[in-house]
Amino acid sequence: MATTPAPPQAPPKPTWDPRRQQPVLPWLRPTIRIRLTLLYGGMFLIAGILLLSIIYLLAAQAISTGNQPFFKIIDGTNIRVSSDNCPAITGTNNLQISDFNAAIAQCVDRQRQAALDNLLSRSLLALLGLAVIAFAFGYAMAGRVLSPLGRITRTARAVAGSDLSRRIELDGPDDELKELADTFDDMLERLQRAFTAQQRFVGNASHELRTPLAINRTLLEVHLSDPGAPVELQQLGKTLLATNERSEQLVEGLLLLARSDNQIVERKPVDLAEVASQAVDQVHAEAEAKGVTVRGVQKPAVVQGNGVLLERIALNLLQNAVRYNVPEDGWVEVNTEIQHGQAVLYVANTGPVVPAYEIDNLFEPFRRLRTERTGSDKGVGLGLSIVRSVARAHGGHIVAQPREGGGLVMRVTLPV
């Protein structure tokens, strides 16, 4: 008789708890509140003890000074007295008892008042000295307690400058600041993984999307080169070729937009004047065909960045300025210079009147003036979006203003 196999046993439970371990006595955790309470409470107690000790010593000195007798009897026969503190009774032998007692009381009051005034003045000086010491010590201790915040801030600035590999790795007691630093490190770890995955995706998509489009373009060009092809087929091939070219431009724009959203890690000196001159050369033929004059002065303006992306800024601005221009006597002005310690690329052009409320929409992907989606042969609607992303990746910004009489004035500012 065959034996029935035993049912499989359940897998063993994990011996560790993935959740964050809570301290046994949470009220004993050295939090910032407890540390600051102990620190400033201890400082107040020490300052109070010092002030009390100083007042005690001053009071003891005043009492010891006041223990001296007010008068001395120098002649018992005629009842003559001598007093340094009460000149009114010194050397008198015919003074009445009531006048003598009044003079003694007056001298006692005067000496008591002098002792109190002396005690008050010295106590105020001691309080002032202790206040200066307490403020200096408190400032130093507050800087020591809050020094982890400076470390967190410096790391955040380094991360904002495109270095996602930086970590705080704060040591010390398990308080709120260390918890904040650990949370920040975890967030940076996730961000780095996300950006790495995005870069890997962009690289893979670049290859996977470009290859079939390039194959389609090659096949269409081969068919169009056949002289025996029917006219209808040639017209269809030209239409498909234009559509394929538009798709290639869209893919290139999307990939460039995805890459330019990140900060530039490898930076090299790039002269905006040279970049603008190369962009002018590239749009020169198109500008002549449309009757647009390109002018301007390109002064040296060296920045740290990626030359290819910076050239894309100038090229996109110039292409937009040429394509969205007036039919006759149009012009485009391109200037580069250094202003207030920053490099400036200035592009102005004639063209249709642009309402001020439409400026922000021009920088949105697939948006044009008075057009929600792309629908013309002037581009794919990503030019200004790429310009803004590249400028931000280099730590700069772009400002657009309507030009009086029509057209736009574009001003790209980059740190040198």
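Residues numbered from 1 in each chain as written. Predicted model: local features only at pLDDT ≥ 70, side-chain atom pairs only at ≥ 80, totals over all residues. Heavy atoms only, no water.

Asker: How do you make sense of the overall build of the protein chain when you look at a structure like this?
Answerer: Counting its secondary structure elements, the protein chain contains 8 helices and 9 strands. Residue pairs at least 24 apart in sequence account for 66% of intrachain contacts in the protein chain once pairs closer than 6 positions are excluded. Carbon and sulfur atoms provide 59% of the accessible area of the protein chain, an area that totals close to 27,300 Å². (Helix = DSSP H or I, 4+ residues; strand = E, 2+ residues; numbered from the N terminus. Contact = heavy atoms within 4.5 Å. Areas by Shrake-Rupley, 256 points an atom, 1.4 Å probe, with all protein chains shown as cover.)

Asker: For this particular structure, what's the right way to read the nonpolar core?
Answerer: Most often, soluble globular proteins keep nonpolar side chains buried together rather than apart. Ranked by size, the top nonpolar core spans 41 residues in total, and within it Ile313, Leu317, Leu345, Val347 and Met410 carry the most contacts. The element that contributes the greatest number of residues to this core is helix 6 (residues 307–323), accounting for 9 residues. With residues up to four places along the chain from it excluded, the contact list for Met410 reads Leu317, Leu345, Tyr346, Val347, Phe363, Leu384, Ile398, Val399 and Ala400. With 10 residues, the next largest nonpolar core counts Ile152, Val159, Ile168 and Leu188 among its residues. (Core = buried A, V, L, I, M, F, W, Y, C linked by side-chain atoms within 4.5 Å. Buried < 20%, exposed > 50% of the residue type's maximum accessible area, 1.4 Å probe, protein only.)

Asker: Would you explain the UniProt feature "transmembrane region" (unreviewed entry) in the protein chain in this entry?
Answerer: Residues annotated by UniProt as "transmembrane region" (unreviewed entry) correspond here to residues 38–59 and 124–142. With 100% helix and 0% strand, residues 38–59 has its two end C-alpha atoms placed 31 Å apart. As annotated, residues 124–142 comprises 100% helix and 0% strand, and the C-alpha atoms at either end are separated by 26 Å. (UniProt positions renumbered as here; feature names shortened; annotations may be inferred.)

Asker: Please explain the side chain of Arg167 as it appears in this structure.
Answerer: Here Arg167 shows up in the loop between helix 2 (97–160) and helix 3 (176–224). In this structure Arg167 comes out as buried when scored by relative accessible area, which is 17%. Separated by 2.9 Å, the side chains of Arg167 and Glu189 make a polar contact. Here Gln192 takes part through its side chain, which lies 2.7 Å from a polar atom of the side chain of Arg167. If we ignore the near neighbours within four places in the chain, the residues touching Arg167 are Thr155, Asp185, Leu188, Glu189 and Gln192. (Polar contact = N/O pair within 3.5 Å; in protein donor to acceptor, adjacent residues only side chain to side chain.)

Asker: What am I meant to see in the sheet that holds strand 7 (residues 342–349) here?
Answerer: For sheets, the rule is that strands pair by backbone hydrogen bonds, running either parallel or antiparallel. Spatially, 4-6-7-9-8 is the arrangement adopted by the 5 strands of the open sheet, whose pairing is mixed. Of all the strands in the sheet, just strand 4 (292–295) and strand 8 (397–402) have a single pairing partner and so form its edges. Adjacent strand axes in the sheet meet at a mean angle of 15°, parallel and antiparallel pairs treated alike. When strand 7 meets strand 9 (residues 408–415), the two strands line up antiparallel, connected through 7 bridges. In the sheet register, Val344 faces strand 9, and the bridge partner there is Thr413. Across the sheet, helix 6 touches strand 4, strand 6 (330–339), strand 7, strand 8 and strand 9, and the angle it forms with strand 7 is around 20°. (Pairing = 2+ DSSP bridges. Axes fitted to C-alpha atoms, helices over the stretch in contact; angles between N-to-C directions.)

Asker: Explanation requested: the environment of Ile55 in the structure shown.
Answerer: Assignment of secondary structure puts Ile55 in helix 1 (residues 32–66). Excluding its chain neighbours within four sequence positions, the residues that come into contact with Ile55 are Leu119 and Ser123.

Asker: I tried to follow helix 8 (residues 383–393) on my own but got confused; where do I start?
Answerer: Each α-helix turn comprises 3.6 residues. Residues three or four places apart therefore point the same way. Counting buried positions along helix 8 gives 8 out of 11 residues, so the element sits mostly inside the fold. Taken as a whole, helix 8 has its buried residues at Leu384, Ser385, Ile386, Val387, Ser389, Val390, Ala391 and Ala393. At the exit of helix 8 stands Gly395, carrying a positive phi of roughly 80°.

Asker: Hey, could you run me through the packing of aromatic side chains in this one?
Answerer: Each pair of aromatic rings is reported with the distance of its centres and the angle of its planes. A full pass over the atoms with the stated rule returns 0 aromatic pairs. The residue whose ring lies beneath Arg295 is Trp331, and the NZ or CZ to ring-centre distance is 4.2 Å. (Phe/Tyr/Trp six-rings, centres within 6.5 Å; stacked < 30°, edge-to-face > 60°. Lys NZ or Arg CZ within 6 Å of the ring centre and 35° of its normal.)

Asker: Could you clarify how one ought to interpret the packing of helix 5 (residues 272–289) against helix 6 in this entry?
Answerer: A packed helix pair is summarised by two numbers, namely the angle formed by the two axes and the spacing between the axes. It is the contact of helix 5 with helix 6, at a shortest axis distance of 9 Å, that shows an interaxial angle of 30°. By the angle between their directions, the pair helix 5 and helix 6 is classed as roughly parallel. Once helix 5 is placed against helix 6, the crossing between them reads as right-handed. Residue-level contacts link Val275, Ala276, Gln278, Ala279, Val280, Gln282, Val283, Glu286 and Ala287 of helix 5 to Leu310, Glu311, Ala314, Leu315, Leu318, Gln319, Val322 and Arg323 of helix 6. Residue composition of the contact of helix 5 with helix 6, grouped by class: 11 nonpolar, 3 polar and 3 charged. (Parallel < 35°, antiparallel > 145°, perpendicular 65-115°, else oblique. Left-handed = near helix turned anticlockwise from the far one by under 90°. Nonpolar A, V, L, I, M, F, W, Y, C, P; charged D, E, K, R; others polar.)

Asker: Please clarify how the environment of Gly291 should be interpreted in this entry.
Answerer: Relative to the helices and strands, Gly291 is located in the loop between helix 5 and strand 4. Sequence-distant contacts of Gly291, that is, excluding residues within four places in its chain, are made with Asp329 and Gly330.

Asker: Before we go on, may I ask you to explain the pairing of strand 7 in this structure?
Answerer: If a strand is regular, its side chains alternate between the two faces of the sheet. Along strand 7, 6 of the 8 residues are buried, which leaves the element largely enclosed by surrounding structure. The pairing of strand 6 with strand 7 spans 8 bridges and is antiparallel. Within strand 7, the residue paired with Ile338 across the bridge is Ala343. Connecting strand 6 to the next strand, strand 7, in antiparallel fashion are 2 residues, including His340 with a positive phi near 55°.

Asker: Just checking my understanding: could you explain the pairing of strand 5 (residues 302–305) for this structure?
Answerer: Only one face of strand 5 is buried, namely the one carrying Val303 and Gly305, since none of Val302 and Gln304 on the opposite face is buried. Inspection of the sheet shows strand 3 (residues 268–271) paired to strand 5 by 4 bridges, in the antiparallel sense. Note on strand 5: the bridge partner recorded for Val270 is Val303.

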